[in-house]
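Take a look at the letters that make up each chain.
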Amino acid sequence: MSERADILIVGAGLAGLFLALRLAPRKCTVICPAPIGQAASSTWAQGGLAAALSPDDSPEDHARDTVLAGDGLVDPVTAQLIAEAGPKRVRDLIALGVPFDRTPEGALALSLEAAHSKPRVARVAGDLAGKAIMEAIAAAVNAAEHIEIRDGLKAVSLLTGKKGQVAGILAENSDGETAPIHARETVFCTGGSGGLFRVTTNPRESRGDAIAMAYEVGALLSDLEFIQFHPTAIDIDRDPAPLATEALRGEGARLINKDGTLFMPRHDPEGELAPRDRVARAVHIEALSDRKAFLDTRETIGDEIEHHFPTVFATCMSGGIDPRIAPIPVAPAAHYHMGGIVTDLWGRTTLKGLSACGECSSTGAHGANRLASNSLLEAVVYAARIADRLRDSDLPEFDLDAEGHAPEALDDETLQALRAEMAVSCGVVRSEDSLSNLSEWLDAKMTAYAEADIPRALVVSDLIVKSALRRTESRGGHFRSDFPTAAAKAERTFLYKHGVAPVFIDTPDQTLSEKVSA
Ligand code: SIN
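Please read these numbers as outputs of a predicted model, since none were measured by experiment. (Residues numbered from 1 in each chain as written. Predicted model: local features only at pLDDT ≥ 70, side-chain atom pairs only at ≥ 80, totals over all residues. Heavy atoms only, no water.)

Moving on, we come to the packing of aromatic side chains. Tallied over the full model, the rule gives one aromatic pair. On the numbers, 5.7 Å between centres and 85° between planes, the contact of Phe197 with Phe229 is edge-to-face. Of this pair, Phe197 sits in the loop between β9 (178–188) and α6 (209–216) while Phe229 sits in strand β11 (residues 227–234), and the two are 32 residues apart along the sequence. Here the two residues Phe197 and Phe229 agree in accessibility, since each one is buried. In this arrangement the basic side chain of Arg4 is found over the ring face of Phe398, its NZ or CZ atom lying 5.5 Å from the centre. A cation over an aromatic ring shows up here: Arg385 above the ring of Trp346, its NZ or CZ 3.9 Å from the ring centre. (Phe/Tyr/Trp six-rings, centres within 6.5 Å; stacked < 30°, edge-to-face > 60°. Helix = DSSP H or I, 4+ residues; strand = E, 2+ residues; numbered from the N terminus. Buried < 20%, exposed > 50% of the residue type's maximum accessible area, 1.4 Å probe, protein only. Lys NZ or Arg CZ within 6 Å of the ring centre and 35° of its normal.)

All right, on to the nonpolar core then. In this structure, Ile9, Leu14, Leu19, Phe100 and Ile137 are the most contacted members of the largest nonpolar core, which totals 57 residues. The leading source of residues in this core is helix α12 (residues 374–390), at eleven residues. Apart from the residues lying within four places of it in its own chain, the contact partners of Phe100 are Val90, Leu93, Ile94, Leu108, Ala122, Arg123, Val124 and Ile133. If you look at the next biggest cluster of nonpolar residues, it comprises 56 residues, including Val166, Leu196, Met213 and Met446. (Core = buried A, V, L, I, M, F, W, Y, C linked by side-chain atoms within 4.5 Å. Contact = heavy atoms within 4.5 Å.)

What follows concerns the sheet that holds strand β4 (residues 110–111). Strands sit in the order β3-β5-β4 across an open sheet of three strands; the sheet is antiparallel. The open sheet has two edge strands with one neighbour each: β3 (49–50) and β4. As paired strands, β3 and strand β5 (residues 121–122) are joined by two bridges and run antiparallel to one another. Its bridge partner lying in β5, Leu49 is registered against Ala122. (Pairing = 2+ DSSP bridges.)

Once that is clear, we can look at the packing of α6 against helix α15 (residues 456–470). Closest axis-to-axis distance for the α6/α15 pair is 8 Å, and the angle between their directions is 85°. Judged on the interaxial angle alone, α15 and α6 are roughly perpendicular. On α15, the residues that touch Asp209, Ile211, Ala212, Met213, Tyr215 and Glu216 of α6 are Arg456, Val459, Val460 and Leu463. Considered class by class, the residues forming the contact of α6 with α15 number seven nonpolar, no polar and three charged. (Axes fitted to C-alpha atoms, helices over the stretch in contact; angles between N-to-C directions. Parallel < 35°, antiparallel > 145°, perpendicular 65-115°, else oblique. Nonpolar A, V, L, I, M, F, W, Y, C, P; charged D, E, K, R; others polar.)

Right, dumping it as structure tokens:
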């Protein structure tokens, strides 16, 4: 007999676990491939959570910075919504026991990160925010009677009923056996897509599978071409690449070449704290040249790095670099997917029975370039909103006839080739030539499968590349060497599956946020 879950949460990062906690007392089931807290990119977040918490800050200022960083594509309603809810959600995390750093006077200590007009990032022990937040949440989840955790399972397909509504998932266990889990509401909280790129700060398993699963059954997707590359992954040949948090630059760390020259002034008047996409492009150019790129913390942070940024310090030391006496080699790495499954202000996708939260969703909060440390914020704000919507709602009955189909898994050799191709041809700098060649490469790989069996990683890569080809301008995280400037009008990309191919539309007939507020 198949299994049933009233509310099924797929993924156990911050979005999934915060949602599960907030649903109390309504019962829910969380599935995740690894024990909770492991294999979730939230745990690796170093900077922290952005919120207007200081007396000289305001949600309006935070929303304005979010809109400006997003380069014309942030939905201002969404930006205001997450900025306004931020301080409340930070207080929730404090109540759960998250030991945010304090000033000697007892106020929250706030870090400055790129494109924030003021220090706004609540942090823990310098660079341990993600780990501390996830530990506190995991402890609360383990003690919560309304939450059932099923680890060792991953979603490989959505189950859909006769009217196209989502009615659960096909789950795969670690032996590769699949079985349906029927649900009255399914919530994807699965993280991002960085694992599709050769150099990434994400867990390798984060390969946009949820986007491909939702696409397969007709959900509206958006802005898939917008990948954020973090400028300063530590370049010590590790996969995934460890991060050197932007807060280091907030504390004065400088970007230099191997001869010690500061290089940001040549690229950008805003220097090290320019929006992340611009710093990433500068680091990309320098790292590819024989001048190379390094982050120098010696003068401004010095020996303090050991205690103020323990993760970065330990990583560097384990890679044979002592950042107290040597600069840290850096390169850009795929870090965050701004695009994803379209949701409204309550986390509803365009499919009945399916919600999405966190990095796999596209709420309109991040536009073309996410403001630093807004992702943990968006995850908790939307998780709380989804919980408020579902907690007492009367959900449809189980549809035990709903079906799903698992495509084939991608063999490791092709996956590694795909990651290399995506990094080179759809990375920090793209062009018609590089994207068209990659598109042909993907076509050749995909034609080896029946349509329903094409591995998820190929499907989602193909959608990213097609979206990047269509955007003949440069904006935020999407830089085209053949179209280096922004078009006069900023327009989002929307697409869905029609037959066997994506259909791109300019704007949904009515934006989902308008629908909700109507
Ligand atoms: C960082 O600490 O630099 C990353 C923070 C983020 O990606 O929001």
